[in-house]
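Reading the structure
As a plain string of letters, each chain reads:
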Amino acid sequence: MRTRLARLALLGLAHAAGAWPRLRMCAASTPGPTDAAATAALMTSCNRRGQHAAALDAFEVAAALDAACYVEAMRAYGRRGESAKALDALAAMQSAGYPPSVVAFDAAIRACASQKHWPVALSLLEDLRDSGLCADAQVYNAALVACERGAQWDEARLLLDEMVKLGVADVFSYNTAIATASRAGKWQEAERLLAVMSEGEGISPDAYSYSATISALDRGGQGARALQLFAKMQAQGVSPTVVTYNTAIRACASTRAEDSAGWPVALSLLDDMRDDGLAPNLYTFNGVIAACATGGAWEEALLLLQEMDECDGVRADATSYHSAIAACRRDGTRAAARAAVKLLQRMRRGRLPTSLIGFTTAMNALGQAGYQLGALAVMQRIHGAGLRPDDTATHSALIACAATGRFQQASTLIEQLSTPTREAYQSLASAALASGESDAVVQALRERAAEMPSLGRSGRARGRGRGRGRGRGRGGLKRPGRPAGDRRESNSPSRKSAYDPAQRRRPGSRRGAASGDVWWPTMSIT
């Protein structure tokens, strides 16, 4: 017995030291059965340390297995996302003559939850009941997680109701049900469950309860309600976490203009987060920049990118830059358009991938600011990056051709459209007129345009902007109660910013040429 235990312990130490493959061959050649209890103990230890491959290796080389070994194998397969193999292990366990147990079903259901196999998870729950076993809170919660991963709100609601009747529902059960409602777009149900937790006895909502509900409201387009709930959470004495702050900040980006929220509140939340001793991460900054993009606060977006460069452990990614470029396009000014091109340059220098949306957004920023040649240069850059322009980018290029009288280029571009539209042929007709084509050609193109379907209201394709300047949030609403020179707003008057923005340099303080495309040769992105 001691020899067998020592052999298994040696296998575990070997895997931790990276010498597992060699000692596994030695173990396979060692005669005599391996003690099943020792195998289960080793597998449990490996699973707890996150060494799921080691646990499965011990499972494969063991000569004797018991029910605990099969359970640990199912757990390891589940953590590795191999739900089918976990079900095979359950079937092998039953074939070996071991009676089904609640623990075994729990491991199998959790394995199914990891791969969104909620029908199988619910089927296993039924099998557990048919076996005469009583599901506990852990099993129900595992089935709830499977429903949450599959966004199956109706099934999750039935499970939660059943758990409440049995008296086994806990905070995790309600939180998972709220998250399921969020995924399924049922923000009213998420609010209802949170209210049940707040008004009930014995179960109180925690930070995750509020975070999941705020996320549900955000997904349902209820940004203002989400921010109100965040304030209520703090009033109830529940301390927000980084996830809670990130969720509230993300709601600022989707808040409607008439709600008077948006990027000023997002910046204030960022300050409050630091005041609470929480370190913002990549998702925090990207959320605030997205809120700035919604409100056209491009200079604030550039400041946030600068903060990310100065923040330890946080590096701006492609999403950060794309949102900042969107903020430049939303502003609609020439300075913002030049900043959008500089952001593309910074992405190239930083070896960050630029998506087609990023290029197209920069094109629209340039086009609406009057830099039509710059927009066409970005179109060339799209091809240089190995991307294929879509109809949105092509429409933007056609608008630029119409403004600059490039009829031949516009004729080539219109052939690249998957669906020619009225606006595309109108741009082609304008290009023909500006380039001096005959009246017959222009008239023919206009008649052709009348026969085409309309593109509809598409801001990106038509290159429209709102032309908001600094100091204005969504809907052109001025930031309330801010002294001159202070760029931030705080929800709490008693709170003070954790840093002094006046000591930081402001990007874009140097203005380029303000006429035509004169500046473009010095700003080439090729």
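Located above this text is the structure these notes cover.
The sections below set out a description of the structure shown in this document. (Residues numbered from 1 in each chain as written. Predicted model: local features only at pLDDT ≥ 70, side-chain atom pairs only at ≥ 80, totals over all residues. Heavy atoms only, no water.)

1. Remarks on the overall build of the protein chain
The line we're drawing: Every helix listed is a DSSP run of H or I at least four residues long, and every strand listed is a run of E at least two residues long, numbered separately from the N terminus. Relative accessibility under 20% of the residue-type maximum defines a buried residue, over 50% an exposed one, and the middle range a partly exposed one, all with a 1.4 Å probe and only protein chains included. Throughout, a residue-residue contact means that at least one pair of heavy atoms, one from each residue, lies within 4.5 Å. Only the protein chains shown count as covering a residue, and every accessible area follows the Shrake-Rupley method with a 1.4 Å probe.
Scanning the protein chain from terminus to terminus reveals 27 helices and 0 strands. Evaluated residue by residue, the protein chain yields a buried proportion of 48% over its 526 residues. For the protein chain, contacts bridging at least 24 residues in sequence account for 67% of all contacts bridging at least 6. Of the roughly 24400 Å² of accessible surface on the protein chain, a fraction of 50% belongs to carbon and sulfur atoms.

2. Brief notes about helix H23 (residues 391–404)
To keep things clear, this is the line we draw: Each residue after the first adds 1.5 Å to the expected span of a helix.
Between its first and last C-alpha atoms H23 spans 20 Å; for 14 residues at 1.5 Å apiece the expected length is 20 Å, and the two agree. Across the 14 residues of H23, 10 count as buried, placing the element largely inside the fold. All buried positions along H23 are accounted for by Thr392, Ala393, Thr394, His395, Ser396, Ala397, Leu398, Ala400, Cys401 and Ala402. Once H23 finishes, glycine 405 follows within two positions and takes phi at roughly 70°, a positive value.

3. What about the pattern of salt bridges?
Note the following rule: Put simply, a salt bridge is a Lys or Arg side-chain nitrogen that is within 4 Å of an Asp or Glu carboxyl oxygen.
The full count for this structure, using the stated rule, is 15 salt bridges. With a closest N to O distance of 3.7 Å, glutamate 148 and arginine 149 form a salt bridge. Residue glutamate 148 is classed as buried on the basis of its relative accessible area of 11%. Put simply, Arg80, Glu82 and Lys85 are held in one network by salt bridges that share partners.

4. Describing the packing of helix H17 (residues 282–295) against helix H18 (residues 298–310)
To be explicit about the condition: Axis definition: a line fitted to C-alpha atoms, over the contacting stretch in the case of helices. Angles run 0 to 180 degrees between N-to-C directions. Oblique is the label for any angle not covered by the other classes, which are roughly parallel (under 35 degrees), roughly antiparallel (over 145) and roughly perpendicular (65 to 115). Handedness of a crossing is defined here by the sense of rotation of the near helix relative to the far one, left-handed for an anticlockwise turn of less than a right angle and right-handed for a clockwise turn. Side-chain classes are defined by residue name, with Ala, Val, Leu, Ile, Met, Phe, Trp, Tyr, Cys and Pro counting as nonpolar, Asp, Glu, Lys and Arg as charged, and the others, Gly among them, as polar.
H18 packs onto H17 with a crossing angle of 165° between their chain directions and a minimal axis gap of 9 Å. The orientation of H17 with respect to H18, classified from their angle, is roughly antiparallel. In this structure, H17 meets H18 at a crossing whose hand is left-handed. Across the interface between the two elements, Leu282, Phe285, Asn286, Val288, Ile289 and Cys292 from H17 touch Glu300, Ala301, Leu304, Leu305, Glu307 and Met308 from H18. For the contact of H17 with H18, a count of residues per class yields 9 nonpolar, 1 polar and 2 charged.

5. A look at the side chain of arginine 330
The condition is simple: Neither His nor the chain ends is counted toward charge; the positive residues are Lys and Arg and the negative residues Asp and Glu. Two N or O atoms count as a polar contact when they lie within 3.5 Å, although within protein this holds only if one can serve as hydrogen donor and the other as acceptor, and sequence-adjacent residues are included solely when both atoms are side-chain atoms.
By the element assignment, arginine 330 lies in helix H19 (residues 318–331). Although arginine 330 lies buried, it forms no salt bridge, and the closest oppositely charged side chain, aspartate 331, sits 9.4 Å away as judged by the N-O distance. A polar atom in the side chain of arginine 330 sits 3.2 Å from the backbone oxygen of threonine 294.

Everything listed here is a matter of geometry and, on its own, says nothing about what the molecule does.
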